[in-house]
Amino acid sequence: MPEILEMLASPIHRFEGRPSDGPAPAPEGELVPAIHIRAGLGITGDRYFGHPAHKDASITVIAAESLPPGAGLAQVRRNVLVSGIAVDDLVGRILVLDSGDGPVRLHARRPANPCGWMDVTVGPGAMRALRGHGGIRCVPLDDGVLRLGPVTAAILPAG
């Protein structure tokens, strides 16, 4: 069964400046047991919530199967880490997740391409290894809540 393994809602952007300088320190509590999602806006409390430049990419989802052992959301700065869902194949489709509080539809608009920071936070060669496996950038179509643990997942065509 698919599962939500980690979720991140951070009020700050930690990857600014040069990767060689390292990321800013993580704020307390950015890894959370539940996220509250607003349609068209993103995750309440996240740095990209309602941000016009991220309107088509306010929630990012990545598959645990794409990451090396020990890497998680704190290193890749995506919002939702899932297991058992091939998210990289979903661009242009709708991912429906229900962790017990009702379905939340996420329209996968484009790939979440890895950047040079991955070589610093995950390890040397991570940027190249994550090409095509960096997750998806989504627009939330529903208000709702996602929680850690087992999740029902469905894939729908867009439109």
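Right above here is the structure, for reference.
Residues numbered from 1 in each chain as written. Predicted model: local features only at pLDDT ≥ 70, side-chain atom pairs only at ≥ 80, totals over all residues. Heavy atoms only, no water.

Caption draft 1: Focus on the pairing of strand β5 (residues 80-83). In this sheet, β5 lies alongside strand β1 (residues 3-7) in antiparallel orientation, the contact comprising four bridges. Bridging from a neighbouring strand, Met-7 pairs with Val-80 of β5. (Pairing = 2+ DSSP bridges. Helix = DSSP H or I, 4+ residues; strand = E, 2+ residues; numbered from the N terminus.)

Caption draft 2: Quick look at the environment of Ser-83. With respect to the helices and strands, Ser-83 occurs in strand β5. Here Ser-83 is in contact with Pro-2, Glu-3, Leu-5 and Glu-65, once residues within four sequence places are set aside. In terms of polar contacts, Ser-83 uses its side chain to reach the side chain of Glu-65, at 3.1 Å. (Contact = heavy atoms within 4.5 Å. Polar contact = N/O pair within 3.5 Å; in protein donor to acceptor, adjacent residues only side chain to side chain.)

Caption draft 3: Structural context of the nonpolar core. Residues Ile-35, Val-61, Val-80, Val-87 and Leu-146 are the most contacted members of the largest nonpolar core, which totals 24 residues. For this core, the secondary structure elements donating two or more residues are β1, β2 (34-38), β4 (59-63), β5, β6 (93-98), β7 (104-111) and β8 (136-140). Setting aside residues up to four positions removed in sequence, Val-61 forms contacts with Val-80, Val-82, Val-87, Leu-95, Leu-106, Gly-135, Ile-136 and Cys-138. One finds Leu-67, Val-76, Met-118 and Leu-130 within the second-largest nonpolar core, a separate group that totals ten residues. (Core = buried A, V, L, I, M, F, W, Y, C linked by side-chain atoms within 4.5 Å. Buried < 20%, exposed > 50% of the residue type's maximum accessible area, 1.4 Å probe, protein only.)

Caption draft 4: Region of interest: the sheet that holds strand β9 (residues 144-147). If you trace the three strands from one edge of the open sheet to the other, you get β3-β2-β9, paired in antiparallel fashion. On the outer flanks of this sheet lie β3 (42-43) and β9, each paired with one strand and no other.

Caption draft 5: Structural context of the environment of Ala-57. Relative to the elements of secondary structure, Ala-57 occurs in the loop between β3 and β4. Residues Ala-57 and Arg-110 lie 53 residues apart in sequence; the distance between their C-alpha atoms is 7.8 Å. Residues contacting Ala-57, with those up to four places away along its chain left out, are Arg-110, Arg-137, Cys-138 and Val-139.

Caption draft 6: How the structure looks around the state of the cysteines. Scanning all chains against the criterion turns up zero disulfides. Lacking any disulfide linkage, Cys-115 is separated from the closest cysteine sulfur, that of Cys-138, by 18 Å. (Disulfide = S-S within 2.5 Å.)

Caption draft 7: Seen up close, the sheet that holds strand β10 (residues 149-150). With mixed pairing, eight strands are arranged side by side in an open sheet as β10-β1-β5-β4-β8-β7-β6-β11. Taken across any chain shown, the strands that pair with only one partner, and hence form the sheet edges, are β10 and β11 (152-157).

Caption draft 8: Representation of the pattern of salt bridges. Counted under the stated rule, the structure contains six salt bridges. A salt bridge links Glu-30 to Arg-77, with the shortest nitrogen-to-oxygen separation between them at 3.0 Å. Here Glu-30, found in the loop between β1 and β2, pairs with Arg-77, found in the loop between α1 (73-76) and β5; they are 47 residues apart in sequence, far enough to count as distant. Looking at Glu-30, the relative accessible area reads 4%, which means it is buried. The buried category is assigned to Arg-77, whose relative accessible area is 8%. Of the charged contacts, one joins Asp-143 and Arg-38 as a salt bridge, the two residues approaching to 3.7 Å between their closest N and O atoms. Of this pair, Asp-143 sits in the loop between β8 and β9 while Arg-38 sits in strand β2, and the two are 105 residues apart along the sequence. Exposure remark for Arg-38: the relative accessible area of 40% places this residue in the partly exposed category. (Salt bridge = Lys/Arg side-chain N within 4 Å of Asp/Glu carboxyl O.)

Caption draft 9: Broad picture of the environment of Ile-43. With respect to the helices, strands and loops of the structure, Ile-43 is situated in strand β3. When the C-alpha positions of Ile-43 and Asn-79 are compared, they lie 8.6 Å apart, and in sequence the two are 36 residues distant. For Ile-43, the residues in contact, after removing those within four places along its chain, are Leu-8, Ala-9, Ile-35, His-36, Ile-37, Phe-49, Ile-59 and Asn-79.

Caption draft 10: Local environment of the side chain of Arg-78. Locating Arg-78 in the fold gives a position in the loop between α1 and β5. As a buried residue without a salt bridge, Arg-78 has its nearest oppositely charged side chain in Asp-88, at a separation of 7.8 Å. Within the local environment of Arg-78, its side chain forms a polar contact with the backbone oxygen of Ala-112, the two atoms lying 3.0 Å apart. Once you skip the residues sitting within four places of it in the chain, Arg-78 turns out to touch Leu-8, Thr-60, Ile-62, Leu-73, Ala-112, Asn-113, Pro-114 and Gly-134. (Lys, Arg positive; Asp, Glu negative; His and termini not counted.)

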